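# Commentary on secondary and tertiary structure
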Amino acid sequence: MPKTQPPAAPHGNRLLARLPPEEYQRLLPRLQLVPLELKHVLYEARSLIDYAYFPNRGVVSALTVMEDGRAIEVATVGDEGMVGLPLLVGAKTTANRVIVQVPGEALRMAEDVLREEVSRDSPLRRLLVLYHTAFLAQVSQAVACNGLHSVHQRCCRWLLMTQDRAHSDVFPMTHEFLAKMLGVRRSTVSEVLQPFQEEGLIRYSRGKCTVLDREGLKAGSCECYRRINEEFVCLFG
C-alpha cells in the first residue's frame, strides 16, 4: 500500500478528533495515512493484528466466519471508530475477518506503538475504553438482530448504518456482498431489494446502491439501528 503523511489535524477520524490537540500532535509521527481499497481484507479471522486502523473515510466490516466458510457481519466501523480493538485488552489476534466494505482511507498505527500508548493512563487509552464499550454494544445488538429480526428489517438496518458511515447516499454494494453480510442466500437479498426499489426506498444499479428514502428505511428497520446509535451518543455525546 502506498503511504503518505497524515493530516496535521484529525479532520477525518472522529475518534481521534476527540483527543486533546496537543495529544494528537504528539501521536502524529506514529500514524500513517493509507488507502482502504474495496474488499481488501485487513485481517483474516484468528490472524495476528499488525496494525490498528482509524478510518478517515470508508467503511470496514467485521465478520464471524464458520468452519464451512459461511460468514455474517457482526459490526461495522467508519470514521467514528477504530479497527484493531483486541490490542487494547492485550490480545494479539482477531476473532473476525475484517474487510473493507466502502473504500476510503485510514490512519494506521503499528501494533507495538498502540500497545505502548495504551499501557499507561493516556488520553488515547481512555478514549478507546469508551469506544470499546460502544463497539461491544454494537456487536451484542447485531447478534440479537441476526437471530430475532427479519431479513427485511436487518437489511434496512444495514443500509442505514452503511449510509451513516459512508457519509453518502451512494455506496458500493452487490447482491453477493450483501448476502454475505446478512448471512443469507443471494436469492433472498434479491427478494428483499426488489420491493425496496419498487417502493422508492433505494436505487440499485451496476454495483452501487443509492438511498432515496432514509425515513422509509428507518420505518422498516428494527429497534437495533436506533439502539446502536443511542449507545454511541450516550458514551460520546
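In this report, the structure presented in the accompanying data block is examined. Only a predicted model underlies this, so the values are computations on that prediction, with no experimental measurement involved. (Residues numbered from 1 in each chain as written. Predicted model: local features only at pLDDT ≥ 70, side-chain atom pairs only at ≥ 80, totals over all residues. Heavy atoms only, no water.)

With that settled, the discussion passes to the overall build of the chain. The secondary structure content of the chain amounts to eight helices and eight strands. A principal-axis box enclosing the C-alpha atoms of the chain has dimensions of 50 × 35 × 35 Å. Evaluated residue by residue, the chain yields a buried proportion of 49% over its 237 residues. Sequence-distant contacts in the chain: of pairs separated by 6 or more residues, those separated by 24 or more amount to 74%. For the chain, the accessible area works out to roughly 11,200 Å², and carbon and sulfur atoms hold 52% of it. (Helix = DSSP H or I, 4+ residues; strand = E, 2+ residues; numbered from the N terminus. Buried < 20%, exposed > 50% of the residue type's maximum accessible area, 1.4 Å probe, protein only. Contact = heavy atoms within 4.5 Å. Areas by Shrake-Rupley, 256 points an atom, 1.4 Å probe, with all protein chains shown as cover.)

What follows deals with helix H8 (residues 223-236). Its 14 residues place the ends of H8 20 Å apart at the C-alpha level, agreeing with the 20 Å of an ideal helix rising 1.5 Å per residue. For H8, the set of buried residues is Cys-224, Tyr-225, Ile-228, Phe-232 and Phe-236. Along the long axis of H8, the arc covered by the buried residues comes to 115 degrees, so they all point the same way. Opposite the packed face of H8, turned more than 90 degrees from it, sit the exposed residues Val-233 and Cys-234. The inward-facing, buried residues of H8 contact helix H3 (123-148), helix H4 (151-166) and helix H7 (214-220). (Expected span 1.5 Å × (residues − 1). Arc of directions from axis to C-beta.)

Leu-159 and Phe-196 are the most contacted members of the largest nonpolar core, which has 74 residues in total. For this core, the element with the highest residue contribution is strand S3 (residues 51-65), accounting for eight residues. Setting aside its immediate chain neighbours within four residues, Leu-159 contacts Phe-171, Met-173, Phe-196, Ile-202, Cys-209 and Leu-217. (Core = buried A, V, L, I, M, F, W, Y, C linked by side-chain atoms within 4.5 Å.)

Relative to the assigned elements, Cys-209 resides in strand S8 (residues 208-211). In sequence terms Cys-209 and Tyr-51 are 158 residues apart; their C-alpha atoms lie 30 Å from each other. Those residues in contact with Cys-209 that lie beyond four places of it in its chain are Leu-159, Asp-169, Val-170, Phe-171, Met-173, Ile-202 and Arg-203.

Let us look at the pattern of salt bridges. Tallying each qualifying case throughout the model produces 16 salt bridges. Residue Asp-121 pairs with Arg-126 through a salt bridge whose shortest N-O separation is 3.3 Å. Two residues, Glu-230 and Arg-226, come together in a salt bridge whose shortest N-O distance is 3.3 Å. One end of the pair, Glu-230, and the other, Arg-226, are both in helix H8, four residues apart, so they sit about a helical turn from each other. A network of salt bridges, in which partner residues are shared, links Glu-23, Arg-26, Arg-30, Glu-116, Glu-117 and Arg-120. (Salt bridge = Lys/Arg side-chain N within 4 Å of Asp/Glu carboxyl O.)

Here helix H6 (residues 186-198) spans 19 Å end to end across 13 residues, near enough to the 18 Å set by a 1.5 Å rise per residue. Burial in H6 covers these residues: Val-189, Val-192, Leu-193 and Phe-196. Buried residues of H6 fall within an arc of 95 degrees about the axis and therefore sit on the same side. Seen from the buried face of H6, the exposed residues on the opposite side, beyond 90 degrees, are Glu-191 and Glu-198. If you follow the buried residues of H6, they end up packed against H4, helix H5 (175-182), strand S7 (202-205) and H7. Immediately downstream of H6, the backbone of Gly-200 shows phi near 80 degrees, a positive value.

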